[in-house]
Amino acid sequence: MIKNGFLSIALLLTTTATVQAQTNLRTQFNQSLALFNEMVMNKEIGEAIDMIQPDVVLSDSEKTEYNAALAEAFPEPFVGSATVQSEALKGGFRQEMLAYWSEKGDYLYLYLVIHTQGAQQQVIHVEHTTTFSKFISRF
């Protein structure tokens, strides 16, 4: 009886720790995504990429080039952003489709593949397009 009680408590603590770790990872992801979205909305795409892919080292001039290219492609300010689609895949992988739009109706779509291993999340792939169907068909 006591042994079963200890096993129940151990299982409860393990489950609670796992749920808390998953919640903390999701909270961390949401906070990072909010900062990433803010950077893209401000057309600081070079800094945004640098933040989400720390293994990709961009020089200041490369960041400036990316930012200028985004500003040239989208001269109007972005007025909104949203996660269009988000899907958990197997083995700790996840895919996200993000959208940003201007008042004139110009859209930028980003596709991210994220891998979670333990307490580490890493963006392993980033693509962009102005064509909705290119990424939505992946879900």
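You'll find the structure just up there.
Residue numbers here run from 1 along each chain, matching the order of that chain's written sequence. Residues qualify for local features only when their pLDDT is at least 70, as the model is predicted, and side-chain atom pairs are given and counted only at 80 or more; totals for whole chains, interfaces and linings, by contrast, use all residues. Hydrogens are left out, water is left out, and the side-chain values use all remaining heavy atoms of the structure.

1. Quick notes on unusual backbone geometry
Phi at Lys-43 is positive, roughly 60°, even though this residue is not glycine. Helix and strand labels come from DSSP, where a helix needs a run of H or I of at least four residues and a strand needs a run of E of at least two; each type is numbered from the N terminus. By the secondary structure assignment, Lys-43 is in the loop between helix 1 (2-41) and helix 2 (45-52).

2. Details of helix 2
Relative accessibility under 20% of the residue-type maximum defines a buried residue, over 50% an exposed one, and the middle range a partly exposed one, all with a 1.4 Å probe and only protein chains included. Within the span of helix 2, buried status applies to Ile-45, Gly-46, Ala-48, Ile-49 and Ile-52. Buried residues of helix 2, seen end-on, are gathered within an arc of 165° and therefore sit on one face of the element. Taken from the helix axis, the directions to the C-beta atoms give the arc we talk about.

3. Some details on helix 3 (residues 60-73)
Residues three or four positions apart in an α-helix share a direction because the helix packs 3.6 residues into each turn. Helix length check: helix 3, at 14 residues, gives a terminal C-alpha distance of 20 Å against a target of 20 Å (1.5 Å per residue), a fit within 8%. When helix 3 is considered as a whole, its buried residues turn out to be Lys-63, Asn-67 and Leu-70. Here the buried residues of helix 3 occupy an arc of 60° about the axis, which is enough to place them on one side. The outward face of helix 3, more than 90 degrees from its buried face, is lined by the exposed residues Thr-64, Glu-65, Glu-72 and Ala-73. Expected helix span is taken as 1.5 Å per residue step, with the number of steps being one fewer than the number of residues.

4. As for the pairing of strand 3 (residues 107-117)
The element strand 3 is extensively covered by neighbouring structure, given that eight of its 11 residues are classed as buried. Between strand 2 (residues 93-102) and the antiparallel strand that follows it, strand 3, lie four residues; Gly-105 among them carries a positive phi value of about 95°. In this scheme, strands are said to pair when DSSP sees at least two bridges between them. Here nine bridges tie strand 3 to strand 4 (residues 120-129), and the two strands are oriented antiparallel to one another. From the neighbouring strand, Tyr-111 faces strand 4, where its bridge partner is Glu-127. The turn joining strand 3 and strand 4, which pair antiparallel and follow one another in sequence, is formed by two residues; a positive phi near 60° is taken by Gly-118.

5. Some details on the pattern of salt bridges
Put simply, a salt bridge is a Lys or Arg side-chain nitrogen that is within 4 Å of an Asp or Glu carboxyl oxygen. Counted under the stated rule, the structure contains four salt bridges. In this structure, the salt-bridge partner of Glu-96 is Arg-94, at a minimum N-O distance of 2.7 Å. Overall, Arg-94 belongs to the partly exposed group, its relative accessible area being 22%. Residue Lys-134 pairs with Glu-127 through a salt bridge whose shortest N-O separation is 3.8 Å. Linked through salt bridges whose partners overlap, the residues forming this network are Glu-127, Lys-134 and Arg-138.

6. Quick notes on the packing of helix 2 against helix 3
Fitted lines through C-alpha atoms serve as axes, helices being fitted only where they are in contact, and the angles separating the N-to-C directions of these axes extend from 0 to 180 degrees. Their axes nearest at 7 Å, the elements helix 2 and helix 3 cross at an angle of 125°. By the angle between their directions, the pair helix 2 and helix 3 is classed as oblique. On helix 3, the residues touching Ile-45, Gly-46, Glu-47 and Asp-50 of helix 2 are Lys-63, Tyr-66, Asn-67 and Leu-70. Looking at the contact of helix 2 with helix 3, its residues break down into three nonpolar, two polar and three charged. Angular relationships are summarised with four words: roughly parallel below 35 degrees, roughly antiparallel beyond 145, roughly perpendicular across 65 to 115, and oblique for the angles in between. We call two residues contacting when some pair of their heavy atoms lies within 4.5 Å. Note that Gly is not counted as nonpolar here; it falls among the polar residues with everything else outside the nonpolar set of Ala, Val, Leu, Ile, Met, Phe, Trp, Tyr, Cys and Pro and the charged set of Asp, Glu, Lys and Arg.

7. Observations regarding the sheet that holds strand 2
The four strands are arranged 1-2-3-4 in an open sheet whose pairing can be described as antiparallel. The open sheet has two edge strands with one neighbour each: strand 1 (78-88) and strand 4. Put simply, the sheet's adjacent strands are angled 20° from each other on average, direction ignored. As judged from the nine bridges shared by strand 1 and strand 2, these two strands associate in the antiparallel manner. By the bridge assignment, Phe-78 is partnered in strand 2 with Ser-102.

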